[in-house]
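Residues per chain, in single letters:
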Amino acid sequence: AYRRFTTNGPPPAPKSNTALYAGIAAFTAAAAGYYLYNSDSDASREAATAVKSAAQAGKAAAKFTPTKEDYQKVYNRIAEVLDDAGDYDDGSFGPVVLRLAWHASGTHDKNLGTGGSNFATMRFEPESLHGANAGLHVARAVMEKIKQEYPWISYGDLWTLGGVAAVQEMAGPKIPWRPGRIDGFASDVTPDGRLPDASQGAQHIRDIFYRMGFNDQDIVALIGAHALGRCHSDRSGYEGPWTFSPTTFTNDFYKLLFDEKWVWKKWNGPKQLQDKKTGSLMMLPTDYVLTQDKSFKKYAKAYADDQDLFFKDFSAAFAKLLELGVPPQQFVTAEPWTMKTLEEQK
């Protein structure tokens, strides 16, 4: 569904946002064909990106500029799809969509000026096959359906907006967000090893997060996203949820770190901890470090004691994460937007 544009002269009032796209670069879409949007090859994806860039040029010529209301409609569609997970995990795509936004942004290297959310390079191999991204094909497939409904939005904007929707719709804090990311090519893919390795310790965590431009407080706040979702033995190798409510954003991750007694799990998988009381929860070695490192522990304890503080700091750190690698001049607004939840719009 492409938006329609007119030639010179006063245009008729559009009946709907979708109608505005009807006809924009229609010949381009036809030439691209179904293959470009569905093939797994890097060449086809680059071709598809070129096609979408041509469509964007057509919209620019037609003086079409998506408004905040247009992005709110995309947000709403994402929010609706999050609950269409059926039997997947705990009945929500929210945690895996959040992880997609996180991993698409966390490849940034502030010293080299590469990586981050700007080019959405996880669409391409080998980045899509990096061990840290195992299982994210699920989230990319969910987002691809929405991309077909709103072809004007870039993948980087779509994926990061998905992360915002996931946090907010699962009872988390508001995340300031603004659009402006562009689609890149396979040549922009970042090397493996830029995302955290869950088996490592405090120094590794700092190396990874300092490279992005974060400090110790940011690190602890961002790791708090483990309040959501679970690990899968057929993906990361680890198994289990971090909390008893893996589809609700809370500070329970920190509370459990300090309130429960954690022991090493006896199994054939990688080293992970489980709560001694029920044996149903897990913590990664990089999680448990937050209780051992003096600086990390200070912030983790503060967040365990004060959910409002955690929400405030997480919101700031996550908003920063989602903008890593994006030149400021690309953003369409100087000040980030606050998207309304579905509940707020009722």
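Throughout this description, residue numbers start from 1 for each chain and increase along the sequence as written. Two thresholds apply to this predicted model, a pLDDT of at least 70 for residue-level local features and 80 or more for giving and counting side-chain atom pairs, whereas whole-chain, interface and lining totals are computed over all residues. Calculated side-chain values reflect all of the structure's heavy atoms, with hydrogen atoms and water omitted.

An unreviewed UniProt entry lists the protein chain under the name Peroxidase, with Pisolithus tinctorius Marx 270 as the source organism. UniProt positions are given in the numbering used here, feature names are shortened, and annotations may be inferred rather than shown by experiment. Here is the UniProt Sequence similarities (unreviewed entry) comment for the protein chain, exactly as written: "Belongs to the peroxidase family. Cytochrome c peroxidase subfamily."

Enquirer: It is not clear to me how the confidence of the model for the protein chain should be interpreted in this structure. Could you clarify?
Expert: Segments scoring low in pLDDT should not have their predicted coordinates read at a detailed level. The pLDDT value expresses, per residue, how confident the predictor is, ranging between 0 and 100. For the protein chain, per-residue confidence averages 87 on the pLDDT scale, and residues scoring 70 or more make up 82% of the total. Every residue pair with non-hydrogen atoms within 4.5 Å of one another is taken to be in contact. Contacts of residues 1-39 to residues separated by more than four positions or lying in other chains number 66 contacts, the stretch itself having pLDDT below 50.

Enquirer: Help me out: how do you make sense of the layout of surface pockets in this one?
Expert: Once rolled over the atoms, a probe with the size of a water molecule shows which space is left empty. Whether a set of points on the 1 Å grid over the protein atoms alone is a cavity depends on a 1.4 Å probe fitting there but being unable to get out, while an open set qualifies as a pocket with protein on both sides within 12 Å along at least five of seven lines; lining residues are those with an atom within 4 Å of a point. Grid points are joined across faces, edges and corners, and a volume is the space filled by probe spheres set on the points. By volume, the largest pocket amounts to about 830 Å³. What lines the largest pocket is a set of 32 residues, among which Arg99, His103, His226, Trp242 and Leu284 lie closest to the centre. Numbering of helices and strands runs from the N terminus; a helix is a DSSP stretch of H or I covering at least four residues, while a strand is a stretch of E covering at least two. Elements with a minimum of two residues in the lining of the largest pocket: helix 4 (94-105), helix 7 (202-212), helix 8 (216-223), strand 1 (230-231) and helix 10 (285-288). A per-element tally of the lining of the largest pocket places helix 4 first, with six residues. For this scheme, ten residues count as nonpolar: Ala, Val, Leu, Ile, Met, Phe, Trp, Tyr, Cys and Pro. Four count as charged, namely Asp, Glu, Lys and Arg, and the remainder, Gly too, count as polar. The residue makeup of the lining of the largest pocket, split by class, is 19 nonpolar, seven polar and six charged. Domains are outlined according to an automatic or database domain assignment. Residues lining the lining of the largest pocket come from more than one domain, with at least three contributed by each of domain 1 (68-195 + 320-330) and domain 2 (202-317).

Enquirer: Looking at this structure, I do not really get the packing of helix 4 against helix 5 (residues 137-149). What am I missing?
Expert: Two packed helices can be described by the angle between their axes and the distance between those axes. The axes are straight lines fitted to the C-alpha atoms, using for helices just the contacting stretch, and the angles between their N-to-C directions are given from 0 to 180°. Closest axis-to-axis distance for the helix 4/helix 5 pair is 8 Å, and the angle between their directions is 95°. Comparing their axes, helix 5 and helix 4 come out roughly perpendicular. Across the interface between the two elements, Val96, Val97 and Leu100 from helix 4 touch Val138, Ala139, Arg140 and Met143 from helix 5. Residues that form the contact of helix 4 with helix 5 fall into these classes: six nonpolar, no polar and one charged. Each angle gets one of four labels, with under 35 degrees taken as roughly parallel, over 145 as roughly antiparallel, 65 to 115 as roughly perpendicular, and the rest as oblique.

Enquirer: I would appreciate a short explanation of the packing of aromatic side chains in the present structure.
Expert: The relative placement of two aromatic rings is captured by the distance of their centres and the angle of their planes. The criterion for an aromatic pair is that two Phe, Tyr or Trp rings (for Trp, the six-membered ring) have centres within 6.5 Å, with stacked assigned to planes under 30 degrees apart, edge-to-face to planes over 60 apart and tilted to the rest. Scanning the model with the defined rule gives 18 aromatic pairs in all. Seen in terms of ring centroids, Tyr303 and Phe310 are 5.7 Å apart; in terms of plane orientation they differ by 50°. Their pairing is tilted. Side by side, Tyr303 and Phe310 carry an identical accessibility label, which is buried. Of the aromatic side chains, those joined through ring pairs into one cluster are Phe249, Phe253, Tyr254, Tyr303, Phe310, Phe311, Phe314 and Phe318. The positively charged end of Lys271 is found above the aromatic ring belonging to Trp264, 4.2 Å away from the centroid. Put simply, a charge is over a ring when the Lys NZ or the Arg CZ is close to the ring centre, within 6 Å, and near the line of the ring normal, within 35 degrees. The ring of Phe258 is capped by Lys301, whose NZ or CZ atom sits 5.9 Å from the centre of that ring. Throughout, exposure labels follow a simple rule: accessible area from a 1.4 Å probe, protein chains only, divided by the maximum for the residue type, with under 20% read as buried, over 50% as exposed, and the rest as partly exposed.

Enquirer: Any chance you could explain the environment of Gly240 here in plain terms?
Expert: With respect to the helices and strands, the residue Gly240 is situated in strand 2 (residues 240-241). Take Gly240: its relative accessible area is 8%, and that puts it in the buried class. With ten residues separating them in the primary sequence, Gly240 and Arg230 have C-alpha atoms 5.2 Å apart. Non-local contacts of Gly240, meaning those with residues more than four positions away in its chain, are made with Arg230, Cys231 and Met282.

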